[in-house]
Structures are given as structure tokens and as C-alpha cells.
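Chains, contacts and geometry: an overview
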Amino acid sequence: MTDDITHRLSAEGLDPLALAGVNDGNLLELSRRLGVRVSLRGDTLSLAGPAPAVERATVVAQALVDLARMGETLDVHDVERLVTEESQGGGALAEGRPPADAAKIILPGLRRVIQPKTSGQREYLRSIAEHDIVIGIGPAGTGKTYLAVAAAVDALARKRVRRIILARPAVEAGENLGFLPGDLQQKVDPYLRPLYDALEDMMPRDRVEKAIESRTIEIATLAYMRGRTLSDAFVILDEAQNATGMQMKMFLTRLGVNSRAVITGDKTQIDLLNREDSGLLQVERILPGIDGIGFCYLADSDVVRHRLVRDIIRAYAEDAQG
């Protein structure tokens, strides 16, 4: 067609497989979703087709190039997510994209950088950098805990804090602690396992074990925080929707000098017998407007797990409303 145009982007220095995906799957997905012809030849990514489609595809393709340049290995779910974000944001990807070296976390011993994949995640990390206390609220799969742990490990590596404390309430989600085998620590360990998993993705396992032995990193149930003062620490309270109002107040008043806290939770997964007892719901009412405390809301568009996770979250939300 005579009105077709071609736009070329530089892919210099990128791993072609990281950008294009297995069997060029990412490029084929971009082509299928936006109706453009996509090819990667050497250091040049070319987009050809009708002008409006190429303009949209250029925004998404540049975001893919930026992610690949930061060390991310991309797949078709990333393409789908970026296309959705572009369509919902009216070009927000192009206008709001950070510089190539911004908002990324380079961790010692890790083979790649960790950086936000969505605008919501960028805002979340920005809020963590700018506030002493951040409350991150959103559905499963949005990276709330993962990015908070990454920020904590980064702060420890840069000697901005002397220790990391990771806490979770041990609330039974339809199961009974009493029926689990072992002593108390063995009973609560399953509740803390996601925190161990996140840590071990950030640091070599032997370093994690040494840090736990020296108490540089502490992973504990929320109940163990009572009566303590947490100074020079990066403290994360995960699954905060299952902390009671009294537990949340206790946790927030533990913070000492040179400490920062990130509280994460999902209001749709409250396992307390009385939903209104949730400390997360209470701080959402009580704390907005206090200087130094930031609220960050992530949505299903920020889900970075399998595409079906986002669809499942939306289906449950629609069922709850109808």
C-alpha cells in the first residue's frame, strides 16, 4: 500500500534472543497484535505497515528494546502487557518511560538487573525511594514483595541500612496450623517460604544463609516484632491484609532511627474471620496525608506473571461485583 511507512529502531548491543524471543515469538506477537511487519536484522529492528499501526508499534517496540537493554529476557506475555499498557495509556509508555539506567536495581552476585516492567511498578519503586514508609496495595503477581525485597537488598548492599527484617502474619488461609507437623518454627516456616524464595532470587544461597545466621537478615512472623525497636533496618511486612488493626499499629510503632518500611497486601485476599479487622484496610483510612508515608496502588495491568493470572484476577473481580 502506498501509505505504508517503515520505522527503524536501534538494537545495537542487544542479545537478539532476549529481544526477539524463541523462534522470533516476541516479534510475531507484536506483528499479530498491532498489524505491522516486524523484522530484526543485525542491530536494526524494523517496523512496517500503516502509519497509525507503526506509530503504536514503535512505542511498544522501544519499550521492549529498553527492557532487553536492561538485561531482561522477554516473552510474549511482556509483549501483550506492553501493548495493553500502550492502548490504555494513550502513549504513556513513550511519555513516561524512564532513562535506560533509571529505576533499575543492580544486585551483587545477581546475573541480571532487576527493574520495573510496568508504569505501576515504576511508581512503586519511586515511592519506596522517596518515602520512609510505603504501603503497596494490589493483586497477586504485581511484584509487590519481589520489588520490595530487591530494594531492601540494594539498601543493605549500599550500607544504607545494617539489616533487613522480613515479616508476615501467620494467619490460616482455610487450614489449621495445629495439624501441621513439627515445632512452632516448623509450623510457621511455610508462611515465610515466599520471603525466603524472593531473597534467594536476589542473593546466592550461601550468602543468604550467612546473613540469616548473623541476623543481618531476619525472617519472622509478625508476632515476633512485639516489644522491639527496629533501627537501621529495612523492614518489609508482607501479606499485610491478614494483620489485625492492633498488629499493624504495633508494627508501625516499631520503627526506629534510620529505618524504612514497606507494607504489602492484597485487599481481595483477607483471611481474617472479620474482614473489617484487617490492619491494611485501617491504615488505608487513617494514614493518607501523613508526610513521609506513601500509598501505591497496583492493578491487574501490572501483573507480570502468566497472562492467565491477570485474566483470573479480573474474572474473580467481575464475579464479586455481579
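These numbers come from a predicted model, not from an experiment.

**Digging into the nonpolar core**
In this structure, Tyr124, Leu199 and Phe234 are the most contacted members of the largest nonpolar core, which totals 35 residues. Those elements that provide at least two residues to this core are helix 6 (119–130), helix 7 (144–157), strand 5 (163–168), helix 8 (184–202), helix 9 (205–213), strand 6 (217–221) and strand 7 (233–237). At nine residues, the largest contribution of residues to this core is made by helix 7. For Tyr124, the contacting residues outside a window of four places in its chain are Val134, Gly136, Gly143, Lys144, Leu147, Ala148, Val262, Thr264, Cys296 and Leu298. Within the second largest apolar cluster, 26 residues are counted, among which are Val36, Leu40, Ala57 and Leu67.

**Description of the pattern of salt bridges**
In the structure shown here, the tally under the stated rule is twelve salt bridges. Here Arg33 and Glu80 are joined by a salt bridge, their closest N and O atoms 3.3 Å apart. Residue Arg33 is found in helix 2 (residues 25–34), and its partner Glu80 is found in helix 4 (residues 76–89); the two are separated by 47 residues along the sequence. Residue classification places Glu80 among the buried positions, given a relative accessible area of 10%. The network of salt bridges with shared partners includes Glu29, Arg32, Arg33 and Glu80.

**Here's the deal with the pairing of strand 6**
Across the five residues that make up strand 6, a large majority, five, are buried. Side chains Ile217, Ile219 and Thr221 project from strand 6 onto one buried face, and the interleaved Glu218 and Ala220 project onto a second face that is buried too. Pairing of strand 5 with strand 6 involves five bridges; the strand directions are parallel. Bridge pairing in strand 6 links Ala167 to Ala220.

**Quick word on the packing of helix 6 against helix 7**
Two numbers describe how helix 6 lies on helix 7: the axes approach to 11 Å, and their chain directions differ by 40 degrees. Accordingly, the angle class assigned to the pair helix 6 and helix 7 is oblique. In this structure, the crossing between helix 6 and helix 7 has a hand that is right-handed. Contact with helix 6, carried on its side by Gln121, Tyr124, Leu125 and Ile128, involves Lys144, Leu147, Ala148 and Ala151 of helix 7 and no other residues of that element. Residues belonging to the contact of helix 6 with helix 7 are distributed by class as follows: six nonpolar, one polar and one charged.

Conventions and cut-offs
- Residues numbered from 1 in each chain as written.
- Predicted model: local features only at pLDDT ≥ 70, side-chain atom pairs only at ≥ 80, totals over all residues.
- Heavy atoms only, no water.
- Core = buried A, V, L, I, M, F, W, Y, C linked by side-chain atoms within 4.5 Å.
- Buried < 20%, exposed > 50% of the residue type's maximum accessible area, 1.4 Å probe, protein only.
- Helix = DSSP H or I, 4+ residues; strand = E, 2+ residues; numbered from the N terminus.
- Contact = heavy atoms within 4.5 Å.
- Salt bridge = Lys/Arg side-chain N within 4 Å of Asp/Glu carboxyl O.
- Pairing = 2+ DSSP bridges.
- Axes fitted to C-alpha atoms, helices over the stretch in contact; angles between N-to-C directions.
- Parallel < 35°, antiparallel > 145°, perpendicular 65-115°, else oblique.
- Left-handed = near helix turned anticlockwise from the far one by under 90°.
- Nonpolar A, V, L, I, M, F, W, Y, C, P; charged D, E, K, R; others polar.

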